[in-house]
Amino acid sequence: MFQQLKTAVSGAQILFVAFGALVLVPLLTGLNPAMALLGAGVGTLLFQLCTGRQVPIFLGSSFAFIGPIIYSMHTWGPGATMFGLFCAGFMYFVFAAIVRWRGMELVNRLLPPVVIGPVIMIIGLSVAGAASGMAMGRAGGNQIMPYETSLLLAAISLATTITVSIYARGMFKLVPILAGVIVGYVAAAFLGMVDFAKVANAPWFAVPAFHSPEVNWAAALFMLPVAIAPAIEHIGGVMAIGGVTGNDYTKTPGLHRTLAGDGLGVCLAGLIGGPPVTTYAEVTGAVMITRNFNPVVMTWAALFAIAMAFFGKFNALLQSIPMPVMGGIMVLLFGTIASIGLKTLIEAKVDLMEPRNLVIISVVLTAGIGGLELKFGSFGLAGVGLCSLLAIVLNMILPGKAASHDGIVEGQDV
């Protein structure tokens with residue numbers, strides 16, 4: 001009995017570590033935080049079902065989809081966006097089939113660092129304007145909140161996040177986003193910028209509002225390439241947790257099974273109206289610190305996440321967080337994502353003196369940051385989806401020595 005209680009407490013600790021990043025994505029994209037919790041919980045259980053509960057991994061909201069979700073919501077609406085996210089999950093099954101068939105060789109040939117690196121950079125940089133706007137209290141070009149107060153709140157949340165990420169030790173080092181949100185929220189409450197009425201009126205327990213997908217193939221084709229980066233990152237995440245526990249999960253239960261499990265979680269998110277899920281480096285760090293390698297801990301974390309999805313007042317509290325508080329964290333977060341893409345190029349020693357590499361990176365960065373769109377009638381492709389396609393095509397057709405390094409991205413969630 002004591003052992004089960006200890007395992008349950010460890011699961012709550014894992015959820016605490018993942019919580020800040022988990023709910024940040026829906027708060028930034030306008031999705032329901034309750035659905036993020038429900039999707040993460042059920043998605044993790046589906047992952048464990050596919051892998052025979054052998055891998056200590058918790059699936060949380062993926063940062064890679066923030067920009068694409070915002071664009072898709074404005075372009076096609078929430079129903080079409082959910083359909084696009086549902087279809088994006090099938091990219092994981094494609095990767096799983098390739099890995100099962102040819103191993104990582106074909107994946108690395110199609111997606112070397114010169115392709116993955118700039119695409120990850122675009123994931124962060126393409127929404128940099130939104131981060132700055134939120135930090136200044138602006139939305140849609142309009143000043144929603146007082147400028148000076150907004151900048152102050154953004155600075156407080158940003159400074160807290162930076163301080164915790166650099167100076168904190170142990171488990172506290174793993175929750176910089178959560179710390180930034182809490183301190184920023186408290187400051188906003190003192191400044192009278194928090195509306196507590198919605199929290200007071202919210203029920204204690206409430207069934208999350210499900211949002212059904214609506215078939216839209218333009219949204220689906222837009223989202224499919226976006227899944228490339230987190231799918232590749234998943235491989236790095238599985239290898240990272242294997243390095244911590246001393247087990248080779250790419251062989252047992254197999255990389256194809258872990259990819260399929262993650263893909264199921266992404267498909268589920270699209271069906272219920274939540275953000276896609278991915279492996280969390282924060283959780284890997286927590287496992288490394290606690291040395292608790294029991295996958296049952298992740299089961300408890302998933303169950304706690306599901307339970308919290310039905311806690312009405314808690315979800316109202318999350319939705320009451322002022323926009324500048326989130327904007328301050330986004331300034332660091334999106335820059336960090338771009339830095340991970342740069343790190344991918346540096347670690348793989350991509351030679352920018354080689355014309356083909358320079359062309360691929362230059363075209364992708366300019367197209368992504370500049371907002372290039374490719375339209376055929378009513379169908380359009382832009383953002384991360386277009387950049388991924390451009391990078392893959394250019395890498396395949398341009399002459400020159402292809403990168404010999406693998407395209408696996410390890411580190412923080414992107």
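In case you missed it, the structure is sitting above this.
Computed from a prediction, not measured in an experiment: that's the story for all the values here.

The grouping of L110, L389, V393, M396 and I397 at the surface amounts to a nonpolar patch, some 450 Å² of accessible area in total. By residue number, the principal contributor to the nonpolar patch is helix α19 (residues 383–397), which donates four residues. Among the structural elements, V393 can be located in helix α19.

Next up on the list: the environment of E282. Looking at where E282 falls in the secondary structure, it is placed in helix α14 (residues 281–290). Expressed as a C-alpha distance, the spacing of E282 and E233, which sit 49 residues apart in the sequence, is 14 Å. When sequence neighbours within four positions are dropped, the list of residues in contact with E282 reads V17, A21 and L174.

This brings us to the environment of G43. Mapped onto the elements, G43 comes out in helix α2 (residues 33–51). Along the sequence, G43 and G263 sit 220 residues apart, while their C-alpha atoms lie 9.0 Å from each other. In contact with G43, not counting residues within four places along its chain, are L38, L59, G265 and L268.

Where α2 contacts helix α16 (residues 312–319), the two axes come as close as 9 Å, and the packing angle between them is 120°. As judged from the angle between their axes, α2 and α16 are oblique. Side by side, α2 and α16 meet where P33, A34 and L37 of the first sit next to F314, N315, L318 and Q319 of the second.

This part covers helix α18 (residues 355–370). The terminal C-alpha atoms of α18 lie 22 Å apart, and with 16 residues this matches the ideal 22 Å at 1.5 Å per residue to within 8%. For α18, every residue scored as buried is listed here: R356, N357, I360, I361, V364, A367 and G368. All buried residues of α18 lie within an arc of 145° about the axis, which places them on one face of the element. In α18, the exposed residues that point more than 90 degrees away from the buried face are P355, T366, I369 and G370. Residues of α18 that are buried make contact with α6 (113–125), α17 (323–347) and α19. Backbone geometry just after α18 places G371 at a positive phi near 75°.

Our focus in this paragraph is the packing of aromatic side chains. Geometrically, a pair of aromatic rings is defined through the distance of the ring centres and the angle of the planes. All chains considered together, the criterion is met by eleven aromatic pairs. Geometrically, the ring pair formed by Y71 and W76 is edge-to-face, given 6.1 Å between the ring centres and 80° between the ring planes. Residues W300 and F304 carry aromatic rings whose centres are separated by 5.9 Å and whose planes lie at 35° to one another, so their mutual orientation is tilted. Of this pair, W300 and F304 both sit in helix α15 (residues 296–308), four residues apart, which is roughly one turn of that helix. When its relative accessible area of 30% is taken as the criterion, F304 is described as partly exposed. Members of the aromatic cluster, connected to one another through ring pairs, are W204, F205, F311 and F314.

Criteria and cut-off values
In this numbering scheme, every chain counts its residues from 1 along its sequence in written order. Residues qualify for local features only when their pLDDT is at least 70, as the model is predicted, and side-chain atom pairs are given and counted only at 80 or more; totals for whole chains, interfaces and linings, by contrast, use all residues. In computing side-chain values, all of the structure's heavy atoms are included and hydrogens and water are not. Like-charged residues within 9 Å of one another, or nonpolar side chains (Val, Leu, Ile, Met, Phe, Trp, Tyr) within 5 Å, are grouped into patches, provided each residue has over 30% relative accessible area and no salt bridge. Per-residue accessibility takes into account occlusion by the displayed protein chains alone, with areas from the Shrake-Rupley method and a 1.4 Å probe. In what follows, salt bridge is the name for a side-chain nitrogen of Lys or Arg lying within 4 Å of a carboxyl oxygen of Asp or Glu. Numbering of helices and strands runs from the N terminus; a helix is a DSSP stretch of H or I covering at least four residues, while a strand is a stretch of E covering at least two. Residue contacts follow a heavy-atom distance rule, with two residues in contact if any of their heavy atoms lie within 4.5 Å. Between the N-to-C directions of two axes lies an angle of 0 to 180 degrees, each axis being a line fitted to C-alpha atoms and, for a helix, fitted only over the stretch in contact. Working rule for angles: under 35 degrees goes down as roughly parallel, over 145 as roughly antiparallel, 65 to 115 as roughly perpendicular, anything else as oblique. A helix is expected to span 1.5 Å for every residue after the first. Partly exposed describes any residue whose relative accessible area lies between the buried limit of under 20% and the exposed limit of over 50%, with all areas from a 1.4 Å probe on protein chains only and scaled to the type maximum. In this description, one arc is meant: the one made by directions from the helix axis to the C-beta atoms. Two rings from Phe, Tyr or Trp (for Trp, the six-membered ring) form a pair when their centres sit within 6.5 Å of each other. Planes less than 30 degrees apart are called stacked, planes more than 60 degrees apart edge-to-face, and all others tilted.

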